[in-house]
Structures are given as C-alpha cells and as structure tokens.
Amino acid sequence: MSQQAITLYRLQACPYCERVVRVLSELGLDYQSRFVEPLHSERNVVKRLTGVRTVPVIVDENTGVTMAESANIVDYLERTYGDEGPLAEGGATQRAVSDGGA
C-alpha cells in the first residue's frame, strides 16, 4: 500500500506535540509538520479541522481520521500503525516537513 502523508499540526517546543512526534518517529511513519500560530485565539486552521484550537492535531489521509489531544493521537497511532495494527509497515521512513506556519 502506498502511504499518504499524515499531517501534524503543532507548536514549537510543545511537550504534547513532541510526544506525538516521538511516536510517529518510533513507528517510522511519514508525516508533515504544520506549525500553527502560538496565540491560541489565532489558530483558525486547527479550529476549522477539529472545532477546537488546541494542539496537537493530526489528519491521517490513509484512514480519513482527524483528531486532537495527544493521548488520543498516540493511542490511535499505536493501534493503527503499531506492530499488530491494520496499517503497520516495517519499511516506512519518517520525514518531517515544515511549511513555515499555518
């Protein structure tokens, strides 16, 4: 299966976002990083996606899933892409791409 990119909406130095980055890396998943506005009230791109302005948020084109909250995201990634998950791929490589802001 050709793996499409997972997009991670995040902030620099956010410990919750870094938790998701760590799991994406451990699972060897391709993803794109989109850094959002630091000011909570200006995170309109995240609000449009999830209805909230908190990060991290992922959009997984492989499954059509969009979700917020680091614990939920980590659980989802491990269930979906972990060793026994339905989309596990041993040969995927992690690639972080920044677009400079969202």
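Residues numbered from 1 in each chain as written. Predicted model: local features only at pLDDT ≥ 70, side-chain atom pairs only at ≥ 80, totals over all residues. Heavy atoms only, no water.

Per an unreviewed UniProt entry, the protein chain goes by the name Glutathione S-transferase N-terminal domain-containing protein and belongs to Halovenus salina.

1. Observations concerning unusual backbone geometry
The omega torsion of the bond from Val 55 to Pro 56 falls at 10°, within 30 degrees of zero and hence cis. Inspection of the secondary structure puts Pro 56 in the loop between helix 2 (44-50) and strand 3 (57-60). The phi angle at Ala 13 is positive, at roughly 60°, despite the residue not being glycine. Mapping Ala 13 onto the fold places it in the loop between strand 1 (6-10) and helix 1 (15-26). Residue classification places Ala 13 among the exposed residues on the basis of a relative accessible area of 69%. (Helix = DSSP H or I, 4+ residues; strand = E, 2+ residues; numbered from the N terminus. Buried < 20%, exposed > 50% of the residue type's maximum accessible area, 1.4 Å probe, protein only.)

2. Remarks on the pairing of strand 4 (residues 65-68)
Where strand 3 lies against strand 4, 4 bridges are found, and the strand directions are antiparallel. Considered in strand 4, the bridge of Asp 60 is made with Val 65. In this structure, the hairpin formed by strand 3 and strand 4 is closed by a connection of 4 residues, where Gly 64 is found at a positive phi of approximately 80°. (Pairing = 2+ DSSP bridges.)

3. Some words on the environment of Val 21
Note that Val 21 resides in helix 1. Along the chain, Val 21 and Ser 70 lie 49 residues apart, while their C-alpha atoms are 9.9 Å from each other. If we ignore the near neighbours within four places in the chain, the residues touching Val 21 are Leu 8, Arg 10 and Tyr 31. (Contact = heavy atoms within 4.5 Å.)

4. Let's talk about helix 1
With 12 residues, helix 1 extends 16 Å between its outermost C-alpha atoms, agreeing within 8% with the 16 Å of an ideal straight helix rising 1.5 Å per residue. Burial in helix 1 covers these residues: Cys 17, Val 20, Val 21, Val 23 and Leu 24. Considered in projection along helix 1, the buried side chains sweep an arc of 165° and stay on one side of the axis. Of the exposed residues in helix 1, those oriented more than 90 degrees away from the buried face are Pro 15 and Glu 26. Where the residues of helix 1 are buried, they touch strand 1, strand 2 (31-35), strand 3 and helix 3 (70-81). Positive phi appears at Gly 28, one or two residues downstream of helix 1, with a value of about 70°. (Expected span 1.5 Å × (residues − 1). Arc of directions from axis to C-beta.)

5. A look at the pairing of strand 3
Judged by which residues are buried, strand 3 turns out to be covered on both faces: Val 57 and Val 59 on one side and Ile 58 and Asp 60 on the other are all buried. Pairing geometry for strand 1 and strand 3, over 4 bridges, is antiparallel. When the sheet's bridge partners are listed, Ile 6 is paired in strand 3 with Asp 60.

6. Describing helix 3
For helix 3, built from 12 residues, the straight-helix expectation of 16 Å at 1.5 Å per residue is met to within 8% by its first-to-last C-alpha distance of 16 Å. Close packing links the buried residues of helix 3 with strand 1, helix 1, strand 3 and strand 4. Capping the start of helix 3 is the job of one residue whose side-chain oxygen sits 2.8 Å from the backbone nitrogen of Ala 71: Glu 69. (Polar contact = N/O pair within 3.5 Å; in protein donor to acceptor, adjacent residues only side chain to side chain.)

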